[in-house]
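As a plain string of letters, each chain reads:
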Amino acid sequence: MHHLRTRAVHAGQRPDPTTGAIATPIAQTTAFGYGTLERGAALFAGELPGYRYSRFANPTVAALEAKLADLEGASSAVAFASGTAACSALLLALLRPGDELVFLGPLYGGTEGLLRAYSERWGIQVRDATASGLEAALTPATRMVWVETLTNPTLRVHDLAAVARTARARGITTVADNTFCTPCLVRPLELGVDLVLHSMTKYLGGHGDATGGVVAGSEALVREVRRTGLGQVGGNLAPQEAFLFLRGVKTLPLRMAAHCVGALAVARSLAAHPAVRAVHYPGLQSHPQHALAQRQWQGGFGGMVTFELASGGRSAAAAVLDRLQLFTQAVSLGDVDSLACHPASTTHSFVSAEARAAAGVTEEMIRLSVGIEHPDDLVADLEQALGVLG
Ligand code: 7XF
């Protein structure tokens, strides 16, 4: 098999058979003519392969799905209009009333909010196993275990192989949201996880110009998620967006390498700053799961750095954030541009103050998405902004 860098360029794509176009054409069409009634009937009965309607499948989107399945080591993948649409499709497709879902947190606030909303409306028990440990939270009704490979925003690392082993022994499906790591750093399916999910909006796109999501895994599970998420919910990715993701993913390994170098430089400089109480970055020796990340990941420790100011609460965080010049204050992450946000008031405003406190999301916390600018410039920007604290 070729290296990931080669597959990021070639997988799922080949010159267009009719024109030789190297960039996958945008199949900007709603429906596909099927010629005869009988051929249409066979397509709709699933007896004939082929395209019929872009909500079900589209050639540009299919090329992207094939590329991402390849990079994650999956047999199949299905793309959605957002990471959140991918989460919803997965939950609606695989859970029934009375089932239980256990998660190891913290999770992106929107995902946790979604899980809690589903639990109330659809009679699905949702349990946070972060404090108790996974084993203690599982019951005979548990159908799904949900983790983020690197948690948003606290950057905690889970032992994916152990989580998958524990769940699989009980016939429970494990889902890993790999948005923060990407397949460049960790491939959950190789560690025994059943389904991988991404908000492609982030590193996979990489340029902050498209919203999308994807679920990858076995043929059987992905077929279920596709049937519900596209056929019934209609959360399909648009072909124009698929084109942007196809282009973005080609440079993912190169970008990720630059993000990792920049983030390590930023994390080290913050760790030495007197105004900073804690730096959460899995590449630092001080990170509680540094050894685990070294063991289960490859190629670096990611582009996200979260830190906490020594004191001053939200106003201190505001003072620092408001002075940054190269880092743009915004949510989202994984762009070539550096971004900074205050999780408590933005990405994690969807969960209760108690849940934030339990997850360690403090008012002094700042989350950085380190872009691909020169690390020296980013370090200097942070130093001048922290200077405001005197
Ligand atoms: O629906 P989206 O494409 O925005 O993806 C949702 C999502 C799913 N998983 C993870 C780990 C995520 O971080 C996200 C979105 N996170 C953004 C952020 O944390 O900045 C959302 C901004 S409100």
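Residues numbered from 1 in each chain as written. Predicted model: local features only at pLDDT ≥ 70, side-chain atom pairs only at ≥ 80, totals over all residues. Heavy atoms only, no water.

Participant: Hey, could you go over the sheet that holds strand S8 (residues 276-280) for me, with residue numbers and the actual values?
Facilitator: Here five strands make up an open sheet; going across it, the order is S8-S9-S12-S11-S10 and the pairing mixed. Only two strands of the sheet have a single neighbouring strand rather than two, namely S8 and strand S10 (328-329). The pairing of S8 with strand S9 (residues 304-309) spans four bridges and is classified as antiparallel. By the bridge assignment for S9, His280 is matched with Thr306. (Pairing = 2+ DSSP bridges. Helix = DSSP H or I, 4+ residues; strand = E, 2+ residues; numbered from the N terminus.)

Participant: Give a description of the site of the ligand that names residues and reports values.
Facilitator: In the vicinity of the ligand lie 18 residues, with Thr84, Asp177, Thr201, Lys202 and Ser332 positioned nearest. A distance of 2.9 Å is found between an oxygen atom of the ligand and a side-chain nitrogen or oxygen belonging to Asn152. Contact between the ligand and Arg367: an oxygen atom at 2.8 Å from a side-chain N or O atom of the residue. Alone, the ligand offers 540 Å² of accessible surface; in the complex the protein occludes 89% of this. At a threshold of 2 Å from the grid points, most atoms of the ligand map onto the second largest pocket. (Near = heavy atom within 4 Å. Polar contact = N/O pair within 3.5 Å; in protein donor to acceptor, adjacent residues only side chain to side chain. Areas by Shrake-Rupley, 256 points an atom, 1.4 Å probe, with all protein chains shown as cover. 1 Å grid on protein atoms, 1.4 Å probe; cavity = no way out; pocket = protein on both sides within 12 Å on 5 of 7 lines; lining within 4 Å. Sits in = over half its atoms within 2 Å of the grid points.)

Participant: Give a detailed account of the state of the cysteines, specifying residues and quantitative values.
Facilitator: As enumerated under the stated definition, the model contains zero disulfides in all. Its sulfur unpaired, Cys184 is 8.2 Å from the next cysteine sulfur, which belongs to Cys260. (Disulfide = S-S within 2.5 Å.)

Participant: Explain the layout of surface pockets to me, using residue names and the numbers behind them.
Facilitator: Taken as a whole, the largest pocket holds about 670 Å³ of empty space. Around the largest pocket, the lining is made up of 24 residues, and of these Arg52, Phe56, Ala57, Arg223 and Arg226 lie nearest the centre. Mapped onto the lining of the largest pocket, the elements with two or more residues apiece are helix H3 (59-72), strand S1 (76-80) and helix H9 (219-232). Class assignment of the residues belonging to the lining of the largest pocket gives a composition of 13 nonpolar, five polar and six charged. A volume near 370 Å³ is recorded for the second largest pocket. Lining the second largest pocket are 25 residues, with Thr84, Tyr108, Asn152, Ser199 and Lys202 positioned closest to its centre. Within the residue set of the lining of the second largest pocket, elements represented by two or more residues are helix H4 (83-94) and strand S6 (195-199). When residues of the lining of the second largest pocket are assigned to their parent elements, the largest contribution, three residues, is made by H4. (Points joined across faces, edges and corners; volume = space filled by probe spheres on them. Nonpolar A, V, L, I, M, F, W, Y, C, P; charged D, E, K, R; others polar.)

Participant: Mind laying out helix H5 (residues 109-122), listing which residues take part and the relevant values?
Facilitator: With 14 residues, H5 extends 20 Å between its outermost C-alpha atoms, agreeing within 8% with the 20 Å of an ideal straight helix rising 1.5 Å per residue. Listed as buried for H5 are Gly109, Thr111, Glu112, Leu114, Leu115, Tyr118 and Ser119. Buried-residue contacts for H5 involve H4, strand S2 (100-103), strand S3 (125-128), strand S4 (142-148) and helix H14 (353-359). (Expected span 1.5 Å × (residues − 1). Buried < 20%, exposed > 50% of the residue type's maximum accessible area, 1.4 Å probe, protein only. Contact = heavy atoms within 4.5 Å.)

Participant: Any details on the sheet that holds S3? Residues and values, ideally.
Facilitator: Taken together, the seven strands give an open sheet; going across it, the order is S1-S7-S6-S5-S4-S2-S3, and neighbouring strands pair in mixed fashion. Of all strands in the sheet, those with a lone pairing partner are S1 and S3, marking the two edges. Each strand of the sheet is rotated relative to its neighbour by a mean of 20°, with strand direction disregarded. Judged from the three bridges that link them, strand S5 (residues 173-177) and S6 form a sheet pairing that is parallel. Each residue of the ladder has a partner; that of Asp177, found in S6, is Leu197. (Axes fitted to C-alpha atoms, helices over the stretch in contact; angles between N-to-C directions.)

Participant: Give a description of the pairing of strand S12 (residues 365-369) that names residues and reports values.
Facilitator: Burial runs high along S12: five of the five residues are buried. Of the two faces of S12, the one lined by Met365, Arg367 and Ser369 and the one lined by Ile366 and Leu368 are each fully buried. Inspection of the sheet shows strand S11 (residues 339-341) paired to S12 by three bridges, in the antiparallel sense. Across the sheet, residue Cys341 finds its bridge partner in S12, namely Arg367.

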